[in-house]
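# Working through the structure, step by step
Given next are the chains, with one letter for each unit.
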Amino acid sequence: MSETLAPQDTCVLVTGGAGFIGSHTCVELLQDGYKVVIVDDLSNASAKVEDRIKTIVGPEAAANLELVITDVNDRDALEKIFSTHKIDRVIHFAGFKAVGESVSKPIEYYTNNLGNTLTLVDVMRNHGCKSIIFSSSATVYGDPDSLPLTEASPKKPATNPYGWTKWMIEQILTDLHTADPEWNVVLLRYFNPIGAHPSGLMGEDPKGIPNNLVPYVAQTAIGKREAVHVFGNDYDTPDGTGVRDYIHVCDLASGHAAALAWMNGREGVEVFNLGTGKGTSVLEIITAFGRACGKEIPYVIDPRRPGDVTSNYADCTKARELMGWEAKFDVDDMCRDSWNWQSKNPNGYEG
């Protein structure tokens, strides 16, 4: 079995830890007493995140945080981090993540997402660190045969290169454990993370035009965008728009902390869905956001987007029964916190 460690004796390397989900997870880990080293090249994040995290957790926990600005593909930089810190566990978020962009830039997505994972696990292996939580996605289920999706639902051929990278990395980590049973791997399949930290200090800050629904809705609410583009209203759903399982980013962060506590001292490969178990349509999100900001959000119907599935939502029984985790926030909470972040930070971390 792998070594069992108390949080205060555990140093967690968080790749992509300055990003949307990573930053909220770092808050959760620091509040639980872990030491955290973030590795992020800031290609889709801001250096200001470090100070925001420290403000939220307070000075005592903040002393346990370090940010190293580098690319996870940089083997020499990773070797240096593992040589200067005793890294006990790794949470791997770093990767390109826009579905549409992956269709137009497949080489970049495969090179970055697969490459940085292979570099990371090789360096981990060299330093005797064999515990990793991987930031996977419900996209590995493809177009589902039946709902809700459980961890036993079949993995399907992915519908886009981003999805294939998640699919392949799950396989790589599973094969790693097959070759060396000392590896301790948790694959967390997220559904659709939205929301922001209730303080309004941290949230989703996409560069350029947002690829995800809620940041686009938020930017429309604040007047930066004219209208939300709804991709297709002819799906077989109650209102014709796509249905997804939206999960508050703080719930997702607590899911990583639960996984870290659960995997402590174990070996093996385990998969957990992280979602709310409820499906919400695009139009329902737009309406809920309107309630949060007190005004109607304009939207236009565009053609369907290639690679999008009709409906997707989770059965999260396994996470509740094994890890004692379940989502606490509903869609109104998610939209309220997103609006709070957007209205206080109209230009994200830059304003």
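Structure: see above.
Residues numbered from 1 in each chain as written. Predicted model: local features only at pLDDT ≥ 70, side-chain atom pairs only at ≥ 80, totals over all residues. Heavy atoms only, no water.

## A short note on the overall build of the protein
The helix and strand inventory of the protein stands at twelve helices and 14 strands. In terms of principal-axis extent, the alpha carbons of the protein reach across some 55 × 45 × 40 Å. Within the protein, the proportion of its 351 residues that are buried is 57%. Pairs at least 24 apart in sequence give 82% of the contacts found in the protein among residues at least 6 apart. Summing over all exposed atoms, the protein offers an accessible surface of approximately 14,500 Å²; the carbon and sulfur share of this is 50%. (Helix = DSSP H or I, 4+ residues; strand = E, 2+ residues; numbered from the N terminus. Buried < 20%, exposed > 50% of the residue type's maximum accessible area, 1.4 Å probe, protein only. Contact = heavy atoms within 4.5 Å. Areas by Shrake-Rupley, 256 points an atom, 1.4 Å probe, with all protein chains shown as cover.)

## Examining the packing of helix α8 (residues 213-221) against helix α12 (residues 331-344)
Where α8 contacts α12, the two axes come as close as 10 Å, and the packing angle between them is 55°. Classed by the angle they form, the pair α8 and α12 counts as oblique. Handedness of the α8/α12 crossing: right-handed. For the pair α8 and α12, contact is made by V214, P215, A218, Q219 and A221 and by S338, W339 and Q342, respectively. Residues of the contact of α8 with α12, tallied by class, amount to five nonpolar, three polar and no charged. (Axes fitted to C-alpha atoms, helices over the stretch in contact; angles between N-to-C directions. Parallel < 35°, antiparallel > 145°, perpendicular 65-115°, else oblique. Left-handed = near helix turned anticlockwise from the far one by under 90°. Nonpolar A, V, L, I, M, F, W, Y, C, P; charged D, E, K, R; others polar.)

## Here we look at the packing of aromatic side chains
Per the stated rule, a full pass over the model turns up five aromatic pairs. Ring centres of W164 and W167 lie 5.5 Å apart, and the angle between their planes is 55°; on these two criteria the pair is classed as tilted. Taken together, the residues W164 and W167, both in helix α7 (residues 161-179) and three residues apart, mark about one turn of the helix. Given the relative accessible area of 27%, W164 is considered partly exposed. (Phe/Tyr/Trp six-rings, centres within 6.5 Å; stacked < 30°, edge-to-face > 60°.)

## Looking at the nonpolar core
Among the nonpolar cores identified, the biggest contains 53 residues, and L29, V36, I53, L274 and M323 are the most heavily contacted of them. No other element matches helix α9 (residues 249-263), which puts nine residues into this core. Sequence-distant contacts of M323, defined by excluding residues within four places in its chain, comprise G255, A258, A259, W262, F272, L274 and K318. Grouped together as the second largest cluster of nonpolar side chains are 27 residues, A94, M124, C129 and L176 included. (Core = buried A, V, L, I, M, F, W, Y, C linked by side-chain atoms within 4.5 Å.)

## Re the side chain of N345
The residue N345 is located in the segment after α12 in this model. Looking at N345, its side chain comes within polar contact range of the main-chain oxygen of G200, at 2.9 Å. (Polar contact = N/O pair within 3.5 Å; in protein donor to acceptor, adjacent residues only side chain to side chain.)

## Re α12
Taking 1.5 Å as the rise per residue, α12 with 14 residues should run 20 Å; its terminal C-alpha atoms sit 20 Å apart, in good agreement. Burial within α12 is extensive, with ten of its 14 residues counted as buried. Along α12, the residues that are buried comprise V331, D333, M334, C335, D337, S338, W339, N340, W341 and Q342. The inward-facing, buried residues of α12 abut α2 (49-57), β7 (192-194), α8, β10 (246-248), β12 (280-281) and α10 (282-293). At the N-terminal boundary of α12, the capping side chain belongs to D330, with an oxygen 3.1 Å from the backbone nitrogen of D332. (Expected span 1.5 Å × (residues − 1).)

## Things to note about the sheet that holds β12
Sheets are built from strands paired through backbone hydrogen bonds, the pairs being either parallel or antiparallel. With mixed pairing, three strands are arranged side by side in an open sheet as β12-β9-β14. Unpaired on one side and paired on the other, β12 and β14 (311-312) mark the two borders of the sheet. In terms of strand pairing, strand β9 (residues 243-244) meets β12 through two bridges, oriented antiparallel. By the bridge assignment for β12, R244 is matched with T280. (Pairing = 2+ DSSP bridges.)

## With respect to the pattern of salt bridges
Inspection of every chain in the model, using the stated rule, returns 17 salt bridges. One salt bridge connects E170 with K155, and the closest N-O pair in it is separated by 3.0 Å. Here E170, found in helix α7, pairs with K155, found in the loop between β5 (131-137) and α7; they are 15 residues apart in sequence, far enough to count as distant. A relative accessible area of 2% means that E170 is categorised as buried. For E270, the salt bridge is made with K318, and the minimal N-O distance between the two is 2.7 Å. Taken together, the residues span a long stretch of sequence, with E270 in strand β11 (residues 268-274) and K318 in helix α11 (residues 317-323) at a distance of 48 residues. Counted as one network, the salt bridges with shared partners bring together R75, D122 and R125. (Salt bridge = Lys/Arg side-chain N within 4 Å of Asp/Glu carboxyl O.)

## Concerning the sheet that holds strand β1 (residues 11-15)
As summarised here, the arrangement of the seven strands in space is β3-β2-β1-β4-β5-β6-β11, forming an open sheet in which the pairing is parallel. Strands with a single pairing partner mark the edges of an open sheet, and in this sheet they are β3 (65-69) and β11. The sheet shows a mean angle of 20° between the axes of neighbouring strands, taken without regard to direction. Pairing of β5 with strand β6 (residues 184-190), which is carried by seven bridges, proceeds in the parallel orientation. Within β6, the residue paired with S131 across the bridge is N184.

## Describing the pairing of β11
With respect to burial, β11 is a largely interior element, five of its seven residues being buried. In terms of strand pairing, β6 meets β11 through seven bridges, oriented parallel. In the sheet register, V186 faces β11, and the bridge partner there is E270.

Keep in mind these values describe shape, not function.
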